[in-house]
Amino acid sequence: MSTASVSAASSVLLPTYARAPIALERGEGAWAIATDGQRFLDFGAGIAVNSLGHAHPHLVEALTQQAQRIWHTSNLYTMPDGERLARRLCEATFAERVFFTNSGAEANECAIKMARKYHAAKGQPERYRIVTFEGAFHGRTLATIAAGGQQKYIDGFGPKVDGFDQVPFDDEAALKAAIGPETAALMIEPIQGEGGLRSVPMRVLKLLRELCDEHGLMLIFDEIQTGVGRTGKFFAYEHYGVSPDIMSIAKGIGGGFPMGACLATEEAAAGMTLGTHGTTFGGNPLAMAVGNAVLDVILAPGFLDQVQKTALRLRQSLAQLKDHHPGVIEEIRGEGLMLGLKLKTLNTDFVAQARAAGLLVVAAGDNVVRLLPPLIIGESEVAEAVARLDKAAGAVEAELARPAAE
Ligand SMILES: *Cc1c(COP(=O)(O)O)cnc(C)c1O
């Protein structure tokens, strides 16, 4: 049986995803090619993961070179490539300490544990609660579903992990009221990804920093989706002039290789002493080789300037698209190459129509369609994507105009 003929009915995978009926078997840059030869312009990039597109020669070279040397050593031994990647991440950010993980949720688990341990190590173990924000997404582990606070992810999985207090996205009074003697940290995505490309206003991020300084709290930024060049800066917090104490990253840092990291200041990380945390696979040599290769490209002079230029062009084209399809597109949201179309029609229909037009995009909460192209796209890919979005919007309009036949 060919991979393309695996239907949902015959799959033995847990049916936790509504998988589109295409199987992508190879890629070149911003293009992904399915088993039947169909070519898709990939403006999802595996949900903001393939930051440098598919089969980037520098990443392929780094991974295959490493694959011929050594795959795994465990964290029982010194890891030169991991030391180097950590140092480079620190040099390019606010951070002074790094812990590598395999995924975003694990990076957040580390961030949560670190914030709690910070207070415990200072003799205040009762300070373990973390304030999070409505519409957040922090992952699918037991602690991170509690942090995200979405009932549909929490229901049925036993008692919700204690220690998370959720407040509305932009409600200063509620935020201040939620901070008490047991609060350890505030945790937020600078731009909500899964929640629908909602940007946290700059004044709110500045307020969070002030509140953390005033109450001795850790400020945790979840930059798993916004990080590694996605918004046109290396990390989104640079747009706001507000630095966190702890930051989780993943998705784009591996360019498609599964990896994440928890970054922190020396002070924030002070409680994470010998034996307090660990991982078998985190910091694996294959991941470290690819992570270093991703940074070679993204931190090269001029790369992020180019991302910003491309993003501006895409955003302007999307504004025109919105004007052409006022019945479908309500608003353009986001920052850099993390853009969203807030729709008046159903986002899942739009995603399917875009796919039919040969463009991969990703649905998000709040009825938004996300555009998360590889950061390497140029003018021609922007033009092609907008043409295909135009086609998709036209198809959605045609559907709406049809008299209800059922
Ligand atoms: C994707 C994502 C996560 C979870 O990452 P996983 O690798 O799926 O565990 C957490 N936070 C944000 C903001 C994300 O976008």
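Located above this text is the structure these notes cover.
Notes on the structure follow. Note that the structure is a prediction, hence the values are computed from the model and not measured.

The next thing to look at is the overall build of the protein. Broken down by element type, the protein carries twelve helices and 17 strands. A compact globule built from 406 residues should have a C-alpha radius of gyration of about 22 Å, and the protein, at 21 Å, falls within 12% of that. Referenced to the eigenvectors of the C-alpha coordinate spread, the extents of the protein come out at roughly 65 × 55 × 45 Å. By residue count, 51% of the 406 residues in the protein fall in the buried class. Put simply, 73% of the contacts in the protein that link residues at least 6 apart link residues at least 24 apart. Of the roughly 18,400 Å² of accessible surface on the protein, a fraction of 54% belongs to carbon and sulfur atoms. A gap of 1 Å separates the mean positions of the 37 positive and 46 negative side-chain charges of the protein.

Attention now moves to empty space enclosed by the protein. For the structure shown, the criterion picks out two cavities of 30 Å³ or more. By volume, the largest cavity amounts to about 60 Å³. Lining of the largest cavity is provided by Phe-133, Val-167, Pro-168, Phe-169, Asp-170, Asp-171, Glu-172, Leu-175, Arg-203, Val-204 and Leu-207. Of all elements in the fold, only helix H7 (172–178) and helix H8 (202–215) reach the threshold of two or more residues within the lining of the largest cavity. For the lining of the largest cavity, a count of residues per class yields seven nonpolar, no polar and four charged. In this structure, the second largest cavity encloses a volume near 40 Å³. In terms of lining residues, the second largest cavity is bounded by Leu-142, Ile-145, Ala-146, Ile-154, Phe-157, Gly-158, Pro-159, Lys-160 and Val-161. Among the elements that make up the lining of the second largest cavity, the one with the highest residue count is helix H5 (residues 142–148) (three residues). Classifying every residue of the lining of the second largest cavity by side-chain character gives seven nonpolar, one polar and one charged.

One non-glycine residue, Ala-48, lies in positive phi territory at about 65°. Judged by relative accessible area, Ala-48 falls into the buried class, the value being 3%.

As a further point, take the pattern of salt bridges. Considering all chains together, one arrives at 17 salt bridges under this definition. Notably, a salt bridge pairs Arg-370 with Glu-194, separated by 2.9 Å at the nearest N-O pair. Of this pair, Arg-370 sits in strand E17 (residues 368–371) while Glu-194 is found in the loop between strand E8 (191–192) and strand E9 (198–199), placing the two residues 176 residues apart along the sequence. Arg-370 gets classed as buried once you look at its relative accessible area, which sits at 1%. For Glu-384, the salt bridge is made with Arg-388, and the minimal N-O distance between the two is 2.9 Å. Here Arg-388 and Glu-384 lie together in helix H12 (residues 379–401), a separation of four residues that amounts to about one turn.

In this section: the sheet that holds E17. Ordered in space as E13-E14-E17-E16, the four strands form an open sheet in which the pairing is antiparallel. Each edge of the sheet is formed by a strand with only one pairing partner; in this case those strands are strand E13 (329–335) and strand E16 (362–364). Within this sheet the neighbouring strands show an average axis-to-axis angle of 30°, counted without direction.

Let us now look at the packing of aromatic side chains. Overall, the coordinates contain three aromatic pairs when judged by the stated rule. Ring plane angle 85° and centroid distance 5.7 Å describe the contact between Phe-94 and Tyr-237, whose orientation is recorded as edge-to-face. Placement of Phe-94 in the loop between helix H3 (80–91) and strand E4 (97–101) and of Tyr-237 in the loop between strand E10 (218–222) and strand E11 (246–249) is noted, with a sequence separation of 143 residues between them. Above the ring of Phe-169, the side-chain terminus of Arg-198 is found at 4.2 Å from the ring centroid.

Computed from the structure, the second largest pocket encloses a volume of approximately 1,000 Å³. Every element with two or more residues in the lining of the second largest pocket is listed here: H3, E4 and helix H4 (104–121). The element contributing the most residues to the lining of the second largest pocket is H3, with six residues. Residues of the lining of the second largest pocket, tallied by class, amount to 15 nonpolar, eleven polar and six charged.

On to the nonpolar core. Considering soluble globular proteins, one finds that nonpolar side chains tend to be buried as a cluster. With 90 residues, the main nonpolar core has Leu-186 and Phe-350 as its most contacted residues. Ala-115, Tyr-118, Met-187 and Ile-246 belong to the second-largest nonpolar core, a separate cluster that totals 20 residues.

With that settled, the discussion passes to the site of the ligand. The full set of residues close to the ligand is Ser-103, Gly-104, Ala-105, Asn-108, Phe-137, His-138, Gly-139, Glu-189, Asp-222, Ile-224, Gln-225 and Lys-251. At 2.7 Å from a nitrogen atom of the ligand is found a side-chain nitrogen or oxygen belonging to Asp-222. Examining the composition of the shell around the ligand, we find that three residues originate from one element, H4, more than from any other. Tallied by class, residues from the shell around the ligand come to three nonpolar, six polar and three charged.

Moving on to the packing of H3 against helix H9 (residues 285–298). The geometry of H3 relative to H9 is characterised by a closest axis approach of 9 Å and an angle of 35° between their N-to-C directions. Of the two elements, H3 crosses H9, and the hand of that crossing is left-handed. Counting all contacts with H3, which are made through Asp-81, Gly-82, Arg-84, Leu-85, Arg-88 and Leu-89, the residues of H9 involved are Met-288, Gly-291, Asn-292, Leu-295 and Asp-296.

Quick notes on the rules
- Residues numbered from 1 in each chain as written.
- Predicted model: local features only at pLDDT ≥ 70, side-chain atom pairs only at ≥ 80, totals over all residues.
- Heavy atoms only, no water.
- Helix = DSSP H or I, 4+ residues; strand = E, 2+ residues; numbered from the N terminus.
- Rg over C-alpha atoms; globule rule 2.2 N^0.38 Å.
- Buried < 20%, exposed > 50% of the residue type's maximum accessible area, 1.4 Å probe, protein only.
- Contact = heavy atoms within 4.5 Å.
- Areas by Shrake-Rupley, 256 points an atom, 1.4 Å probe, with all protein chains shown as cover.
- Lys, Arg positive; Asp, Glu negative; His and termini not counted.
- Charge placed at Lys NZ, Arg CZ, Asp CG, Glu CD.
- 1 Å grid on protein atoms, 1.4 Å probe; cavity = no way out; pocket = protein on both sides within 12 Å on 5 of 7 lines; lining within 4 Å.
- Points joined across faces, edges and corners; volume = space filled by probe spheres on them.
- Nonpolar A, V, L, I, M, F, W, Y, C, P; charged D, E, K, R; others polar.
- Salt bridge = Lys/Arg side-chain N within 4 Å of Asp/Glu carboxyl O.
- Pairing = 2+ DSSP bridges.
- Axes fitted to C-alpha atoms, helices over the stretch in contact; angles between N-to-C directions.
- Phe/Tyr/Trp six-rings, centres within 6.5 Å; stacked < 30°, edge-to-face > 60°.
- Lys NZ or Arg CZ within 6 Å of the ring centre and 35° of its normal.
- Core = buried A, V, L, I, M, F, W, Y, C linked by side-chain atoms within 4.5 Å.
- Near = heavy atom within 4 Å.
- Polar contact = N/O pair within 3.5 Å; in protein donor to acceptor, adjacent residues only side chain to side chain.
- Left-handed = near helix turned anticlockwise from the far one by under 90°.

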